[in-house]
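Below, each chain spelled out in residue letters.
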Amino acid sequence: MRAVPNWAVATAAAAPLLLVTGWTVAEARQPAGYDPVRDTISELAGHDAADAWIMITCLVLLGCCYLAVAAVLHAAGLPSRFLLAVGGVATIALVAFPRPTVGGSLSHGIVATVAVLALALWPAGSALWLPRGHDTEHPNRPEPPWAFRRAVGLSATVVLLALFGWFAFEVTSGSRTGLAERVTAVAVSLWPLLAILSARRAHLAWAAGGVTPVGTAPVAGVVPPDPLRPADGPDRLA
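Since the model is a prediction, treat every value here as computed from it, not as a measurement.

**Notes on the overall build of the protein chain**
Part 1 of the argument: If you tally the helices and strands in the protein chain, you get 6 helices and 0 strands.
Part 2 of the argument: If you list the helices and strands of the protein chain from N to C, you get α-α-α-α-α-α.
Part 3 of the argument: Relative to its full complement of 238 residues, the protein chain shows a buried share of 43%.
Part 4 of the argument: Excluding contacts between residues fewer than 6 apart, the proportion of contacts in the protein chain whose partners are at least 24 apart in sequence is 69%.
Part 5 of the argument: Carbon together with sulfur atoms contributes 68% to the accessible area of the protein chain, which is approximately 11800 Å² in total.

Here it is, written out as structure tokens:
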């Protein structure tokens, strides 16, 4: 089982901070008339925005945070890490397809949709990859980290998809598009942090379980089962 490095935790924690700080500073630079409840984050990085570089920089750094977490969060499994990486790439790509001053943009809408959907679906991928819960066939095997348990991961995806549905409704027929986008963006940025904290906690507990107390003769080859392996896989030594 691979450890979660400290820098990965810091990177995951930086994602929501970058997002909120970016739009707060960028909003303060806009002329009177910009309404964060009505107007979107994308407008802060658009052609007509004042100091668009602020939000552009934050979006690029945000996407890099997602990519970094996907690279080290081995506990999530390859399919989920791929979806998280897709979300990171699509977030960065948003700056290449800015929202025009007048009207909409099909390319911007497609990239934004891919980003949000990938970031909303990846918790379900890790939940389906890992065991459902306590393994009755292997009673000594601990449960997977809480963020990767099936009920938790699937519930997270349902909530994130519901928020995306709210945002889509506001885009087409609502008046609180900016609010819906901000709530959705913060929610999808928080789950990588919760997942990586969960994996780190599980690794620390697993590693501590393999420590032989002082004065006790070690037993060769005996380590606690890895909580991040699928139920049907063999246990690996640390």
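**Quick notes on the pattern of salt bridges**
Part 1 of the argument: Enumeration over the complete set of coordinates arrives at 5 salt bridges.
Part 2 of the argument: Arg 38 is the partner of Asp 39 in a salt bridge, and the nearest nitrogen-oxygen pair spans 3.0 Å.
Part 3 of the argument: Given the relative accessible area of 41%, Arg 38 is considered partly exposed.
Part 4 of the argument: A salt bridge links Glu 170 to Arg 176; the nearest nitrogen and oxygen atoms lie 3.6 Å apart.
Part 5 of the argument: Classification of Glu 170 as buried rests on a relative accessible area of 2%.
Part 6 of the argument: Each of Asp 35, Arg 38 and Asp 39 takes part in a single network of salt bridges with overlapping partners.

**Topic: helix H5 (residues 150-173)**
Part 1 of the argument: Over its 24 residues, H5 extends 34 Å from the first C-alpha to the last, a length consistent with the 34 Å expected when each residue adds 1.5 Å.
Part 2 of the argument: Every buried residue of H5 is listed here: Arg 150, Gly 153, Ala 156, Thr 157, Leu 160, Leu 163, Phe 164, Phe 167 and Glu 170.

**Some details on unusual backbone geometry**
For residues besides glycine, phi is generally negative; the peptide bonds are generally trans as well.
Part 1 of the argument: The phi dihedral of Asp 51 falls on the positive side, at around 55 degrees, and the residue is not glycine.
Part 2 of the argument: Following the sequence through the fold, Asp 51 ends up in the loop between helix H1 (6-28) and helix H2 (52-72).

**Structural notes on the state of the cysteines**
Part 1 of the argument: Using the criterion set out here, one finds 0 disulfides in the structure.
Part 2 of the argument: The thiol of Cys 64 is not disulfide-bonded; the next cysteine sulfur, from Cys 65, is found 7.2 Å away.

**What about the environment of Ala 12?**
Part 1 of the argument: Tracing the sequence through the fold places Ala 12 in helix H1.
Part 2 of the argument: Judged by relative accessible area, which is 1%, Ala 12 ranks as buried.
Part 3 of the argument: For the pair formed by Ala 12 and Trp 191, sequence separation is 179 residues and the distance between their alpha carbons is 8.9 Å.
Part 4 of the argument: Apart from the residues within four sequence positions on either side, Ala 12 is in contact with Val 69, Pro 192, Leu 193 and Ile 196.

**Regarding a nonpolar patch on the surface**
Part 1 of the argument: Residues Val 37, Leu 179 and Val 183 make up a contiguous nonpolar surface patch of about 180 Å² in total accessible area.
Part 2 of the argument: In this fold, Leu 179 is placed in helix H6 (residues 177-209).
Part 3 of the argument: Of the residues examined, Leu 179 reaches a relative accessible area of 32% and is grouped as partly exposed.

**Topic: the nonpolar core**
Part 1 of the argument: If you look at the biggest cluster of nonpolar residues, it comprises 40 residues, and the most contacted ones within it are Met 55, Leu 73 and Ile 196.
Part 2 of the argument: Listing elements by their share of this core, those giving two or more residues are H1, H2, helix H4 (106-129), H5 and H6.
Part 3 of the argument: The leading source of residues in this core is H2, at 10 residues.
Part 4 of the argument: Excluding residues that lie within four positions of it along the chain, Leu 73 makes contacts with Arg 81, Trp 122, Phe 148, Ala 195, Ile 196 and Ala 199.

**Some thoughts on the side chain of Thr 91**
Part 1 of the argument: Locating Thr 91 in the fold gives a position in helix H3 (residues 78-93).
Part 2 of the argument: A residue is classified by how much of its surface remains accessible, and Thr 91, at 6% relative accessible area, is buried.
Part 3 of the argument: Looking at Thr 91, its side chain comes within polar contact range of the main-chain oxygen of Gly 87, at 2.7 Å.
Part 4 of the argument: Apart from the residues lying within four places of it in its own chain, the contact partners of Thr 91 are Leu 59, Leu 62, Gly 63, Tyr 66, Ala 115 and Leu 119.

Reading the values: rules and limits
Residues numbered from 1 in each chain as written. Predicted model: local features only at pLDDT ≥ 70, side-chain atom pairs only at ≥ 80, totals over all residues. Heavy atoms only, no water. Helix = DSSP H or I, 4+ residues; strand = E, 2+ residues; numbered from the N terminus. Buried < 20%, exposed > 50% of the residue type's maximum accessible area, 1.4 Å probe, protein only. Contact = heavy atoms within 4.5 Å. Areas by Shrake-Rupley, 256 points an atom, 1.4 Å probe, with all protein chains shown as cover. Salt bridge = Lys/Arg side-chain N within 4 Å of Asp/Glu carboxyl O. Expected span 1.5 Å × (residues − 1). Disulfide = S-S within 2.5 Å. Patch = residues over 30% accessible without salt bridge, like charges linked within 9 Å, V, L, I, M, F, W, Y side chains within 5 Å. Core = buried A, V, L, I, M, F, W, Y, C linked by side-chain atoms within 4.5 Å. Polar contact = N/O pair within 3.5 Å; in protein donor to acceptor, adjacent residues only side chain to side chain.

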